[in-house]
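Breakdown of the fold
If you want the building blocks of each chain, they are given just below.
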Amino acid sequence: MSSMRQSDTVFALIDGNAFYVSCERVFSPALRQRPVVVLSNNDGCVVARSNEAKTLGISMGVPYFKIRHAYEQGGGIALSSNYSLYSDLSSRMMSVIGQYSDRQEIYSIDESFIEWTGFRHLDLDSMARDLRKQVDRWTGIPVGIGIGPTKTLAKLANRLAKKHPDFMPAGICDLTSLPEPVLDTYLASLDVGEVWGIGSRWAKKLVDLGVYTALDLRQVDPVWMRRHFNGSLERTALELRGIACFPLEESPPPKQQIVSSRSFGQLITRQEALSEAVSTYTARAAEKLRQQHSRARALTVFLHTPPFNSREPQYHPSVTLRFAASTSDTLVLTSAALNGLRRIWKPGYRYQKAGVMLLDLVSRGEESLSLFADEQELAAGQSPSRQALMSVMDQINREMGRETLWTAAQGVKKSQANVTPWRMNRQRLTPAYTTRWDQLPVARAI
DNA sequence: TCTGGGGTCCTAGGACCC
DNA sequence: TCTGGGGTCCTAGGACCC
């Protein structure tokens, strides 16, 4: 029996392999066995890579223009990110995974923790194999599975399942089944920077202090970690020893802030175009706000000139506006955002990005009214008829597709790129196969 | 020419109060 | 002229995650 198995409960981390690429491959079999990358918004950076692309040496996060020539010469394919496809396949994948445990945390679009209690090693192994097969059968997405006594160790196990030859064929790594000396060998094969919660800065500091591998980190005194770093990293060190400090979060608490921002398809100078962009981002943020049944008491608008071009004059202003009464009304929020924009916009700059943040969020029904709210603001922020209007708008946009209904401030000539230059570039976008009737895949008899 | 977007947590330091 | 100490709240900045 391994000493890592201190309790009856284990965590499994299931994640999609090169998730965005795998989603694309579900509907385009021609992409299989070929180098494929998916790009960030505006076709900027590489955010997902197939194994074939990794083999070509394409690194995560690299700006695509830097590698494009050589990559495409070598037969590589690049796609714009298609989030409606990825989030739809994600929820299907999550619901299959959810059938394997009654305790599930959806950690990100492609990762889920589940908890398993009371299984022996052989049962765990067959459960994991079965889970993997079912996800593949029902969604077409290949997944890796890591199992450990803590979330941090489950993450590391998942890493081993992806990169260590001993586990790669099955795509499953169960650390709880390993005798201690064997476990140590595997932990020693992982750099300290591969541990969940250790980014590049702290990895460097740890290496300077003589902590090189995941095994080294497991053996340091957790209190020493707290002294040199902070309490979070102390917990990371404890988790590596098999002491669970990060619980499963089945229903994540509502967000404390909501941001909607985008880089533009081209640099923008006109205030009118910025107003349309800011109104669009505000509408999107407000929709998310209502989805989690919250209201905002403050809103920030910000602008950015391009950060990478030193010849361009730099300007990144922001302004925060407070509301006397909290609100989730798109029209109230939009007029505040445009107000803020007028205050910070200055001519003579070419803007690259704008955004809106909703802050100081309160759950609907929990907030206390400000003594200074005047009645007009209360009426605008919270009146039942405006709430009803928002619900109808949300429902229509949910059922008929995003931005079926929009505010006039977002601009009326939406489809033409020449009049909405702020819309992002997505020149390599595949169809929304699963979420739009007009883009369903068509099966043809040969 | 072309470098994403959306989050959280922690700490330090300043303002303010008694 | 001498000029404490402790608490709270807020913000900015830095680190991390995917």
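As a starting point, this report considers the structure included with it. (Residues numbered from 1 in each chain as written. Chains lettered and ligands numbered in written order. Predicted model: local features only at pLDDT ≥ 70, side-chain atom pairs only at ≥ 80, totals over all residues. Heavy atoms only, no water.)

1. What about the layout of surface pockets?
Defined as follows: Buriedness for pockets is judged along seven lines, at least five of which must meet protein on both sides within 12 Å for an open set on the 1 Å grid over protein atoms alone, while cavities are sets there where a 1.4 Å probe fits but cannot get out, and lining residues have an atom within 4 Å of a point. Grid points are joined across faces, edges and corners, and a volume is the space filled by probe spheres set on the points. In DSSP terms, a helix is any run of H or I states spanning at least four residues, a strand is any run of E spanning at least two, and both are numbered starting from the N terminus. Each residue gets one of three labels, nonpolar for Ala, Val, Leu, Ile, Met, Phe, Trp, Tyr, Cys and Pro, charged for Asp, Glu, Lys and Arg, and polar for the others, Gly among them.
In this structure, the second largest pocket spans a volume of roughly 1400 Å³. Along its surface, the second largest pocket is lined by 41 residues, and G16, N17, A18, K54 and K162 are the ones closest to its centre. Elements that contribute at least two residues to the lining of the second largest pocket include exactly β1 (9-16), α1 (19-27), β3 (46-49), α2 (51-55), β7 (143-148) and α6 (151-163). In terms of residue class, the lining of the second largest pocket is built from 17 nonpolar, 10 polar and 14 charged.

2. Points about the sheet that holds strand β12 (residues 351-363)
Definition in use: Note on pairing: DSSP must find at least two bridges between two strands before they are called paired. With axes taken as lines fitted to C-alpha atoms, and helix axes fitted only over the stretch in contact, angles between N-to-C directions fall between 0 and 180 degrees.
A sheet is described by the order of its strands in space; here 4 strands give the open sequence β9-β12-β10-β11, paired in antiparallel fashion. The outermost strands of the open sheet, each flanked by one partner alone, are β9 (258-268) and β11 (318-327). Averaged over all pairs of adjacent strands, the angle between their axes in this sheet comes to 15°, without regard to strand direction. Judged from the 10 bridges that link them, strand β10 (residues 294-304) and β12 form a sheet pairing that is antiparallel. Paired with H304 across the two strands is K353, which belongs to β12.

3. Quick look at the sheet that holds strand β2 (residues 36-39)
Spatially, the 3 strands line up as an open sheet ordered β3-β2-β4, and their pairing is mixed. Two strands bound the open sheet, and with one partner strand each, they are β3 and β4 (77-80). Each neighbouring strand pair of the sheet contributes to a mean axis angle of 30°, computed without reference to strand direction.

4. What about the packing of aromatic side chains?
Let me state the cut-off plainly: The aromatic pairing rule takes the rings of Phe, Tyr and Trp, using the six-membered ring of Trp, and pairs them if the centres are within 6.5 Å, calling planes under 30 degrees apart stacked, those over 60 edge-to-face and the rest tilted. Exposure is judged per residue with a 1.4 Å probe applied to protein chains only, and the accessible area is read against the type maximum: over 50% gives exposed, under 20% gives buried, and values in between give partly exposed. Note on criteria: charge over ring means Lys NZ or Arg CZ within 6 Å of the ring centre, with the direction from the centre no more than 35 degrees off the ring normal.
If you walk through the whole model with that rule in mind, you get 17 aromatic pairs. Look at W116 and F119: their rings are 6.4 Å apart centre to centre, the planes differ by 70°, and that puts the pair in the edge-to-face class. W116 gets classed as buried once you look at its relative accessible area, which sits at 2%. A centroid spacing of 6.3 Å and a plane angle of 55° characterise the contact between Y315 and Y351, whose relative ring orientation is tilted. Taken as a pair, Y315 in the loop between β10 and β11 and Y351 in strand β12 lie far apart in primary sequence, 36 residues in all. According to the relative accessible area criterion, Y315 is buried, its value standing at 16%. An aromatic cluster is defined as three or more aromatic residues linked by ring pairs; in this entry it consists of F19, Y20, Y83 and Y86. Positioned above the aromatic ring of F229, the side-chain terminus of K205 is 4.5 Å from the ring centre. If you follow K346 out to its NZ or CZ, it ends over the ring of Y315, 4.6 Å from the centre.

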